[in-house]
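Residues per chain are reported as follows:
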Amino acid sequence: MAVITKQNGILNVPDIVTIPYIEGDGVGAEITPVMQNVVDQAVQLAYHGIRKIEWQEVLAGGKAFEQTGEWLPQATLDAFSHYLVGIKGPLMTPVGGGIRSLNVALRQTLDLYVCQRPVRYFKGIESPVKHPELVDMCIFRENTEDIYAGIEWESGTEEAAKFYRFIHDEMEVSKVRFPETSAFGVKPVSKEGSERLIKSAIEYALAHQLPSVTLVHKGNIMKFTEGGFKKWGYELAEAAYADVLKSGKLVIKDCICDAFLQNALLKPHEYSVIATLNLNGDYISDMLAAQVGGIGIAPGANMNAETGHAIFEATHGIAPDIAGKNMVNPSSIILSAVMMLDYIGWAEAANKIVKSMEALFEEGFATIDLAKFMEHGKALGTKEFGEKIIEWMKS
């Protein structure tokens, strides 16, 4: 098994590389094989057998629980840790106690502190906005802190009462209106966590010659957490990137989150790279995806820029209502695989997939979720859409 390594800040990728993957729950069983087939064909066409991916299945979610009795086996975490780069389908959230979210557990366990979500428009796809072609942004969402840290206590529990007594008696907090029925959560935002996320966004902007990084926050209300994020971002930029800022190659700016949500509709062309906190990033990513056709074509990745670890993923849910019907859109995981290929330096294969999808969407070929809104839409099944991508690549 060929392993990707990272030395001196550079990924070392063998020509024949092992990529662990999680098939996923629900529609994962349909979209993941389609993605693998598309990627394998693109790699073959781009490199004529010199390069190849060896797929290694690892378990998580419902399939893992059925086979092992665990939702997230240690062997899966070990595989992603060892091989550095992997990909996953959507996972169900276990009902009851234990892991709140398998996706969050993966991110926190492997310290995948960057959630990277590029959003762009494909010509031919219908959009609810007039000029979706102006939306071309990459969101860097902090992945390990904020309220997603999962530090909260349920209303009516002794833990909630104890927490309230502490903040009331020791910290002299008197602003809890209904303390006896309040649930409580803690929102950790650190300087280190903010800086490493913002640094990743700045490095991405410079590498891709993009004009700006916008710090999106709610610092006017949460002055020490989200306000701290903004403050530390500017301080980092001024300390580490002073020459770049002075040259005009990059602009660092900020925007309050609610204003940004409005601006992203009214003047999306003013933004290129977004750096933001966990909850804001969740809202922003999905809102921007809706402007270009929906989450079905929104790719994503969870990364650690220092170690090189990265898990690319379908950004949508398991969609049990359409599972097994050959109608789910595989574009999210296919485009996430494109991100993966770019990440490991196999851009030629990535470009073949993107150009194929651009051509198909422009001609009206898509799965039913997109085709039904196109003026001359030609609906294809999940499997058939993947086959159409390959057919176009070969032609």
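Just so we're clear, the structure is a prediction, and the values are computed from it rather than from any experiment. (Residues numbered from 1 in each chain as written. Predicted model: local features only at pLDDT ≥ 70, side-chain atom pairs only at ≥ 80, totals over all residues. Heavy atoms only, no water.)

Got a minute to help me understand the overall build of the protein chain in this structure?
Secondary structure assignment for the protein chain yields 14 helices and 16 strands. Judged by the C-alpha coordinates and their principal axes, the protein chain covers about 70 × 55 × 50 Å. Counting across all 395 residues of the protein chain, residues that qualify as buried make up 50%. Carbon and sulfur atoms provide 53% of the accessible area of the protein chain, an area that totals close to 18500 Å². (Helix = DSSP H or I, 4+ residues; strand = E, 2+ residues; numbered from the N terminus. Buried < 20%, exposed > 50% of the residue type's maximum accessible area, 1.4 Å probe, protein only. Areas by Shrake-Rupley, 256 points an atom, 1.4 Å probe, with all protein chains shown as cover.)

When you look at the nonpolar core in this model, what are you seeing that I'm missing?
A general tendency of soluble globular proteins is for nonpolar side chains to be buried together. Judged by nonpolar contacts, the single largest core of 93 residues is most densely connected at Val213, Leu341, Ile353 and Phe361. No other element matches helix H1 (residues 28-47), which puts nine residues into this core. The residues touching Val213, leaving out its near neighbours within four places in the chain, are Ala201, Ile202, Ala205, Leu250, Val251, Ile252, Lys253, Val273 and Ala275. Grouped together as the second largest cluster of nonpolar side chains are 15 residues, Ala79, Phe80, Ala105 and Leu112 included. (Core = buried A, V, L, I, M, F, W, Y, C linked by side-chain atoms within 4.5 Å. Contact = heavy atoms within 4.5 Å.)

Sorry, what's going on with the sheet that holds strand E7 (residues 136-142) here?
Each strand in a sheet pairs with its neighbour through backbone hydrogen bonds, running either in the same direction (parallel) or in the opposite one (antiparallel). One open sheet holds the 10 strands; their spatial order is E4-E3-E5-E14-E13-E6-E7-E12-E10-E11, and the pairing between them is mixed. Every other strand in the sheet has two partners, leaving strand E4 (52-57) and strand E11 (251-256) as the edge strands with one partner each. Looking at each pair of strands side by side, their axes are set apart by 25° on average, direction ignored. The sheet contact formed by strand E10 (residues 212-217) and E11 spans six bridges and is parallel. Within the sheet, the bridge partner assigned to Ser212 lies in E11 and is Val251. Packed on one face of the sheet, helix H6 (residues 191-207) meets strand E6 (114-120), E7, E10, E11 and strand E12 (273-276) and runs near 160° to E7. (Pairing = 2+ DSSP bridges. Axes fitted to C-alpha atoms, helices over the stretch in contact; angles between N-to-C directions.)

What am I meant to see in the layout of surface pockets here?
By rolling a water-sized probe across the atoms, one finds the places where empty space is left. Approximately 1200 Å³ is the volume found for the largest pocket. Looking at the lining of the largest pocket, the elements that each hand over two or more residues are strand E2 (10-12), E6, E7, H6, strand E13 (299-303), helix H11 (331-343) and helix H12 (347-362). Of the residues forming the lining of the largest pocket, the biggest block, six residues, is contributed by H6. (1 Å grid on protein atoms, 1.4 Å probe; cavity = no way out; pocket = protein on both sides within 12 Å on 5 of 7 lines; lining within 4 Å. Points joined across faces, edges and corners; volume = space filled by probe spheres on them.)

What is the right way to read the pattern of salt bridges from this model?
Pairing between side chains of opposite charge can happen when the charged atoms of each approach one another. This structure, assessed with the given rule, holds 18 salt bridges. Between Glu313 and Lys88 there is a salt bridge whose closest N-O contact spans 3.2 Å. Taken together, the positions of Glu313 in strand E14 (residues 310-314) and Lys88 in strand E5 (residues 85-88) put the pair 225 residues apart, joining distant regions of the chain. Taken individually, Glu313 and Lys88 each receive the classification buried, so the pair is uniform in this respect. Here Glu358 makes a salt bridge to Arg120, at a shortest N to O gap of 3.0 Å. Here the residue Glu358 occupies a position in helix H12, and Arg120 occupies one in strand E6, the gap between them amounting to 238 residues. (Salt bridge = Lys/Arg side-chain N within 4 Å of Asp/Glu carboxyl O.)

Can you walk me through the packing of aromatic side chains in this structure?
Each aromatic ring pair is summarised here by two numbers: the centre-to-centre distance and the angle between the ring planes. What the rule picks out here adds up to 11 aromatic pairs. Consider the rings of Phe260 and Tyr271, whose centres lie 4.9 Å apart with planes at 75°: the pair is edge-to-face. In this pair, Phe260 sits in helix H9 (residues 257-266) while Tyr271 sits in the loop between H9 and E12, placing the two residues 11 residues apart along the sequence. Tyr271 matches Phe260 in its accessibility class, with the two residues each being buried. An aromatic cluster is defined as three or more aromatic residues linked by ring pairs; in this entry it consists of Trp153, Phe163, Tyr164 and Phe184. One Lys or Arg, Arg141, reaches over the ring of Tyr148 and ends 5.0 Å from the middle of that ring. Stacked on the ring of Phe365, the Lys or Arg Lys388 has its end atom at 4.4 Å from the ring centre. (Phe/Tyr/Trp six-rings, centres within 6.5 Å; stacked < 30°, edge-to-face > 60°. Lys NZ or Arg CZ within 6 Å of the ring centre and 35° of its normal.)

What exactly am I supposed to notice about empty space enclosed by the protein here?
Within the structure shown, the criterion is met by two cavities of 30 Å³ or more. Estimated volume of the largest cavity: approximately 40 Å³. Lining the largest cavity, in full, are Ile22, Glu23, Gly24, Glu57, Val58, Leu59, Ala60 and Lys63. Per-class residue counts for the lining of the largest cavity are four nonpolar, one polar and three charged. Sorting the residues of the lining of the second largest cavity by element identifies helix H4 (102-109) and E14 as the ones contributing at least two each. Among the elements that take part in the lining of the second largest cavity, H4 stands out by supplying three residues, more than any other. In terms of residue class, the lining of the second largest cavity is built from three nonpolar, two polar and three charged. (Nonpolar A, V, L, I, M, F, W, Y, C, P; charged D, E, K, R; others polar.)

What is the right way to look at H1 in this model?
Owing to its 3.6 residues per turn, the α-helix brings residues three or four apart onto one side. Look at H1: 28 Å from first C-alpha to last across 20 residues, which is about the 28 Å you get at 1.5 Å a residue. Among the residues trailing H1, His48 stands out with phi positive, at a value near 55°. (Expected span 1.5 Å × (residues − 1).)

Even after reading the chapter, I still don't get the packing of H6 against helix H7 (residues 226-240), so can you show me in this structure?
Packed helix pairs are specified by the crossing angle of their axes together with the interaxial distance, meaning the distance between the axes. Look at H6 against H7: their axes get within 9 Å of each other, and the N-to-C directions meet at 55°. If you check the angle between H6 and H7, you find them oblique. At the point where H6 passes H7, the crossing takes the right-handed sense. Note on element contacts: H7 touches H6 through Phe229, Trp232, Gly233, Leu236 and Ala237, opposite Lys191, Ser194, Glu195, Leu197, Ile198, Lys199 and Ile202. Looking at the contact of H6 with H7 residue by residue, the classes come out as seven nonpolar, two polar and three charged. (Parallel < 35°, antiparallel > 145°, perpendicular 65-115°, else oblique. Left-handed = near helix turned anticlockwise from the far one by under 90°.)

Help me understand unusual backbone geometry in this model?
Trans peptide bonds make up most of the peptide bonds, and negative phi angles are found at most residues other than glycine. Positive phi, close to 70°, is recorded for Leu84, a residue that is not glycine. As for its placement among the helices and strands, Leu84 is situated in the loop between helix H3 (74-83) and E5. Positive phi is not limited to glycine here, since Glu172 has a value of about 60°. Along the chain, Glu172 turns up in the loop between helix H5 (158-170) and strand E9 (184-185). Given the relative accessible area of 67%, Glu172 is considered exposed.

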